[in-house]
Amino acid sequence: MKRSCLILLAWASLVTSAQAVEILKWERLPLAIPLHVDQERIVFVERNVRVGVPATLGDALRVQSTGGTIYLRANAPIEPTRLQLQDMNNGELILIDIVATPAAAGQPALEPVKIVADQPLPNQYGQEVATGDELVEDEEEPKPLRETPIPVVLTRYAAQSLYAPLRTVEPVDGISQVQLRQSLDLSSLLPLLTLRATALGAWALDDFWVTAVKLQNLSATPLTLDPRDLQGNFATATFQHRTLGTRGDPSDTTTVYLVTQGSDLSGALIPSIGRIDPMVKTETEAGHAR
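Residues numbered from 1 in each chain as written. Predicted model: local features only at pLDDT ≥ 70, side-chain atom pairs only at ≥ 80, totals over all residues. Heavy atoms only, no water.

## So, the overall build of the protein chain
For the protein chain, the count of helices and strands is three helices and 16 strands. When contacts within the protein chain are restricted to residue pairs at least 6 apart in sequence, long-range pairs at least 24 apart make up 64% of them. Accessible area of the protein chain: about 18400 Å², with a carbon and sulfur share of 53%. (Helix = DSSP H or I, 4+ residues; strand = E, 2+ residues; numbered from the N terminus. Contact = heavy atoms within 4.5 Å. Areas by Shrake-Rupley, 256 points an atom, 1.4 Å probe, with all protein chains shown as cover.)

## Details of a nonpolar patch on the surface
On the surface, Leu162, Tyr163 and Leu200 cluster together to form a nonpolar patch covering roughly 260 Å² of accessible area. Note on placement: Leu162 falls in helix H2 (residues 150-163). (Patch = residues over 30% accessible without salt bridge, like charges linked within 9 Å, V, L, I, M, F, W, Y side chains within 5 Å. Salt bridge = Lys/Arg side-chain N within 4 Å of Asp/Glu carboxyl O.)

## Quick look at unusual backbone geometry
Although it is not a glycine, Arg28 adopts a positive phi angle of roughly 70°. Within the secondary structure, Arg28 is located in the loop between strand E1 (22-26) and strand E2 (31-36). With a phi angle near 55°, Asp206 is a residue other than glycine that sits in the positive phi range. Mapped onto the elements of the fold, Asp206 is located in the loop between strand E11 (195-205) and strand E12 (208-217).

## Side note on the pattern of salt bridges
Tallied over the full model, the rule gives eight salt bridges. In this structure, Glu92 and Arg47 form a salt bridge, with 2.6 Å as the shortest nitrogen-oxygen distance. Of the two residues, Glu92 is situated in the loop between strand E7 (78-87) and strand E8 (93-101) and Arg47 in the loop between strand E3 (40-44) and strand E4 (49-52); the sequence distance between them amounts to 45 residues. Taking the relative accessible area as the measure of exposure, Arg47 reaches 21% and is therefore partly exposed. Measuring nitrogen to oxygen at the nearest pair gives 3.8 Å for the salt bridge that ties Arg181 to Asp264. Residue Arg181 is located in the loop between strand E10 (176-178) and E11, and its partner Asp264 is located in the loop between strand E16 (253-261) and helix H3 (278-289); the two are separated by 83 residues in the primary sequence. (Buried < 20%, exposed > 50% of the residue type's maximum accessible area, 1.4 Å probe, protein only.)

## Describing the sheet that holds E11
The sheet built from five strands is open, its strands ordered E10-E11-E12-E16-E14 with antiparallel pairing. Across the chains shown, the open sheet's two edge strands, defined by having one partner strand only, are E10 and strand E14 (236-239). Ignoring which end each strand starts from, the neighbouring axes of this sheet average 25° apart. Where E11 lies against E12, 10 bridges are found, and the strand directions are antiparallel. Within E12, the position partnered with Trp203 by the bridge is Val210. Contacts from H2 reach E11, E12, E14 and E16, with the element oriented near 115° to E11. (Pairing = 2+ DSSP bridges. Axes fitted to C-alpha atoms, helices over the stretch in contact; angles between N-to-C directions.)

## Considering the environment of Thr243
Relative to the helices and strands, Thr243 is located in strand E15 (residues 243-244). For Thr243 and Pro222, which are 21 residues apart along the polypeptide, the C-alpha to C-alpha distance reads 7.2 Å. Residue contacts for Thr243: discarding those within four places in its chain leaves Leu223, Thr224 and Ser251.

## Description of the nonpolar core
In this structure, Leu85, Ile96 and Ile115 are the most contacted members of the largest nonpolar core, which totals 26 residues. Top element by residues in this core is E8. It accounts for five residues. (Core = buried A, V, L, I, M, F, W, Y, C linked by side-chain atoms within 4.5 Å.)

## Notes on the sheet that holds E4
Across the sheet, which stays open at both edges, the four strands sit in the order E2-E8-E7-E4 with mixed pairing between neighbours. For this open sheet the edge positions go to E2 and E4, each flanked by a neighbour on one side alone. Strand after strand, the sheet turns through a mean of 30° between neighbouring axes, direction not considered. For E4 and E7, the ladder comprises four bridges, and the chain directions are antiparallel. Within E7, the residue paired with Gly52 across the bridge is Gln84.

## Thoughts on the side chain of Thr260
Checked against the element boundaries, Thr260 lands in strand E16. Among the polar contacts listed, one links the side chain of Thr260 to the backbone oxygen of Ser263, at a separation of 2.6 Å. Those residues in contact with Thr260 that sit more than four places away from it in its chain are Asp207, Phe208, Trp209, Asn233, Phe234, Ala235, Leu265 and Ala268. (Polar contact = N/O pair within 3.5 Å; in protein donor to acceptor, adjacent residues only side chain to side chain.)

## Observations regarding H2
The first and last C-alpha atoms of H2 sit 20 Å apart over 14 residues, in line with the 20 Å expected at 1.5 Å per residue. Buried residues belonging to H2 abut E11, E12, E14 and E16. (Expected span 1.5 Å × (residues − 1).)

## What to know about the side chain of Thr255
Along the chain, the position of Thr255 falls in strand E16. Judged by relative accessible area, Thr255 falls into the buried class, the value being 2%. Within the local environment of Thr255, its side chain forms a polar contact with the side chain of Tyr163, the two groups lying 2.6 Å apart. Residues within four places of Thr255 in sequence aside, it is in contact with Tyr163, Leu200, Ala212, Val213, Lys214, Thr238, Phe239 and Gln240.

Put into structure tokens, the structure is as follows:
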């Protein structure tokens, strides 16, 4: 009987050790996750994340990510290096510091790691806000209210995504990057100015879209940008700079953030009309005169 109890206890101990998981709390401080060379370590994040790996690591680290689980395997010793885990839903970053060393003889494999939030995240820029217990009688599902107007949220997020370091991009629940149409014609956007317009990227939140458009001066004179010159149906328009230098000057380029509602940018633009060749027009008028 005693022997049976000892065997049962030993088996329970093995099961417990096999299922042991190290819990790490994410409190905005980098989390240390050591690795052993030629051993795989599992990291549970329970979020859909994208792993940012420095190019300097090369083939020294193999990273696989699926369904909120990350598999890290060091193929060689690695000096302390920081990885970035970005939540694909809201852009939030989790920072982890890895270091890989050879395992000592007989040393067991490192247990899996689970990263958890220590407490609910504080209010974020553009986060939905509670409206109390009142319910609005409506056939359609009511749209969430946000602490900041959505056009402001989208414009700020687009500017940060294009020009700010990734770690400083403030997460926004529900925002997503959308694919731009390759055939998007922007020639009618600012028809009175001699410049080139090129779409850089687009993001969506609820019923709004923001499209970042690069503007480059093609003339030999400086240009002053005025939102009233924009042609299209836009909720808001924000220029990164109000003036453009002459062509070839470092200041000849800027970005405008166009926010549309109910449709992406393609549905807000005015169809372009082909320019009339002055020579053709003159010959036509001459023919009528004869």
